[in-house]
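Residue-level listing of the chains:
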Amino acid sequence: MLEIDRLTFSYDGGDTGFAFDMRIGPGEIAGLVGPSGAGKSTLFDLIAGFLEPISGDIALSGRSILGQPPEDRPVSILFQSDNLFDHLSTGANVALGLGSAARATDERVTEALAQMGLSAMIGRRAAQLSGGQKQRVALARTLLRNRPVLLLDEPFTGLDNQTAAPIRDLVRHMVRANNWHAIVVSHQSQDIETMADSTYRIENGRTKLI
Ligand code: ADP
């Protein structure tokens, strides 16, 4: 279980603060919705360790992860944009999910790209990809990291429904098969409806189970 337990945070130390509470079981996806500026990225930054909460806890399987620096946290995160190194090949970008020593020819990389429908792009520099292709490359790398907590911020941006549908299924399948604890932010109600086991909305700085 991933427990976000009475987690509070404020950017200015004042009263315009946030209070987050969520429970996500192994193999489950929580959808996270709310208007722009609601605090979705703030919550991801707290879980990933880029921000420090004022109080509360984030625990995985009963153990707090708050004391761990970002690089040691059991977390894979896909940001909304700017996820790739433009000068590296598609394959090299995906291989980074396996660690800095991994090769672009690693069969886990070729398989991940095949699952995204991007086998032909393996040698192409990221700068030469379309927005939707970049998004899939970044998602492939995030999934390859294989960490217990998976945070996806608008993972299907720039993808038409025909492209997005099998990728939603793939993410759903991988979360279940690996017992990851996932949070997916999306403005597309279809993403939430097809993927989420539970849905939270951030309103007035607070998470509400809906
Ligand atoms: P969302 O991801 O839901 O669009 P954010 O978490 O990015 O929302 O932002 C939540 C609120 O916090 C917004 O009002 C935003 O202006 C504010 N905010 C975000 N980052 C900072 C920051 N670094 N310093 C001060 N305020 C910030």
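See the structure above.
Residues numbered from 1 in each chain as written. Predicted model: local features only at pLDDT ≥ 70, side-chain atom pairs only at ≥ 80, totals over all residues. Heavy atoms only, no water.

When its secondary structure is counted, the protein shows 6 helices and 10 strands. Relative to the 2.2 N^0.38 estimate, which gives 17 Å for 210 residues, the radius of gyration of the protein is 17 Å and therefore close to what a compact globule would have. Across its three principal directions, the C-alpha atoms of the protein cover 50 × 35 × 30 Å. When each of the 210 residues of the protein is scored for burial, the buried share is 50%. Within the protein, contacts between residues separated by at least 24 positions form 66% of all contacts whose residues are at least 6 apart in sequence. Surface exposure of the protein reaches about 10200 Å², of which carbon and sulfur atoms provide 47%. For the protein, the separation between the mean place of its 20 positive charges and that of its 24 negative charges on side chains is 4 Å. (Helix = DSSP H or I, 4+ residues; strand = E, 2+ residues; numbered from the N terminus. Rg over C-alpha atoms; globule rule 2.2 N^0.38 Å. Buried < 20%, exposed > 50% of the residue type's maximum accessible area, 1.4 Å probe, protein only. Contact = heavy atoms within 4.5 Å. Areas by Shrake-Rupley, 256 points an atom, 1.4 Å probe, with all protein chains shown as cover. Lys, Arg positive; Asp, Glu negative; His and termini not counted. Charge placed at Lys NZ, Arg CZ, Asp CG, Glu CD.)

Moving on to the nonpolar core. Generally speaking, nonpolar side chains in soluble globular proteins are found buried as a group. Ranked by size, the top nonpolar core spans 33 residues in total, and within it Val94, Met116, Leu139, Leu143, Leu150 and Val171 carry the most contacts. The set of elements that each furnish at least two residues to this core consists of helix H2 (90-95), helix H3 (107-115), helix H4 (131-144), strand E7 (149-153), helix H5 (161-178) and strand E8 (181-185). Counting residues in hydrophobic clusters, the runner-up holds 29 residues, among them Leu43, Leu151, Val185 and Tyr200. (Core = buried A, V, L, I, M, F, W, Y, C linked by side-chain atoms within 4.5 Å.)

Residues in contact with the ligand, as listed here, are Tyr11, Phe18, Pro35, Ser36, Gly37, Ala38, Gly39, Lys40, Ser41 and Thr42. The backbone of Gly39 places a nitrogen or oxygen atom 2.9 Å from an oxygen atom of the ligand. In the environment of the ligand, an oxygen atom lies 2.8 Å from a nitrogen or oxygen atom belonging to the side chain of Lys40. Relative to its free-state accessible area of 560 Å², the ligand is covered by the protein chains to the extent of 52%. Considering each element in turn, the shell around the ligand owes the most residues, 3 residues, to helix H1 (residues 40-48). (Near = heavy atom within 4 Å. Polar contact = N/O pair within 3.5 Å; in protein donor to acceptor, adjacent residues only side chain to side chain.)

On to the side chain of Arg136. Note on placement: Arg136 falls in helix H4. One buried charged residue, Arg136, remains without a salt bridge, the closest side chain of opposite sign being Asp160 at 7.1 Å. (Salt bridge = Lys/Arg side-chain N within 4 Å of Asp/Glu carboxyl O.)

Looking at the largest pocket, its volume works out to about 300 Å³. For the largest pocket, the lining is made up of 18 residues, of which Val75, Ser76, Ile77, Phe79 and Arg145 are closest to its centre. The residue makeup of the lining of the largest pocket, split by class, is 8 nonpolar, 6 polar and 4 charged. Along the walls of the second largest pocket sit 14 residues, with Arg108, Ala112, Gln115, Leu144 and Met174 positioned nearest its centre. Elements supplying a minimum of two residues to the lining of the second largest pocket: H3, H4 and H5. Looking at the lining of the second largest pocket element by element, the count peaks at 4 residues for H3. (1 Å grid on protein atoms, 1.4 Å probe; cavity = no way out; pocket = protein on both sides within 12 Å on 5 of 7 lines; lining within 4 Å. Points joined across faces, edges and corners; volume = space filled by probe spheres on them. Nonpolar A, V, L, I, M, F, W, Y, C, P; charged D, E, K, R; others polar.)

Turning to H5, a few remarks are in order. With 18 residues, H5 ought to run about 26 Å at 1.5 Å a step, and its terminal C-alpha atoms sit 25 Å apart, in line with that. Those residues of H5 lying buried are Ala164, Ile167, Arg168, Leu170, Val171, Arg172, Met174 and Val175. Residues of H5 that are buried make contact with strand E3 (28-33), H3, H4, E7, E8 and helix H6 (189-195). Just past H5, the residue Asn179 takes up positive phi, approximately 55°. (Expected span 1.5 Å × (residues − 1).)

Moving on, we come to the side chain of Gln133. Here Gln133 lies in helix H4. At 2.9 Å, the side chain of Gln133 and the backbone nitrogen of Ser130 are in polar contact. When near neighbours in sequence (up to four residues on either side) are disregarded, Gln133 contacts Leu118 and Met121.

Mapped onto the elements of the fold, Asp86 is located in the loop between strand E6 (75-78) and H2. On the basis of relative accessible area, Asp86 is assigned to the partly exposed category, the value being 39%. Taking C-alpha positions, Asp86 is 22 Å from Leu151, a pair spaced 65 residues apart along the chain. Among residues more than four places away in sequence, those in contact with Asp86 are Arg125, Ala126, Ala127 and Lys134.

The analysis is restricted to geometry; functional conclusions fall outside its scope.
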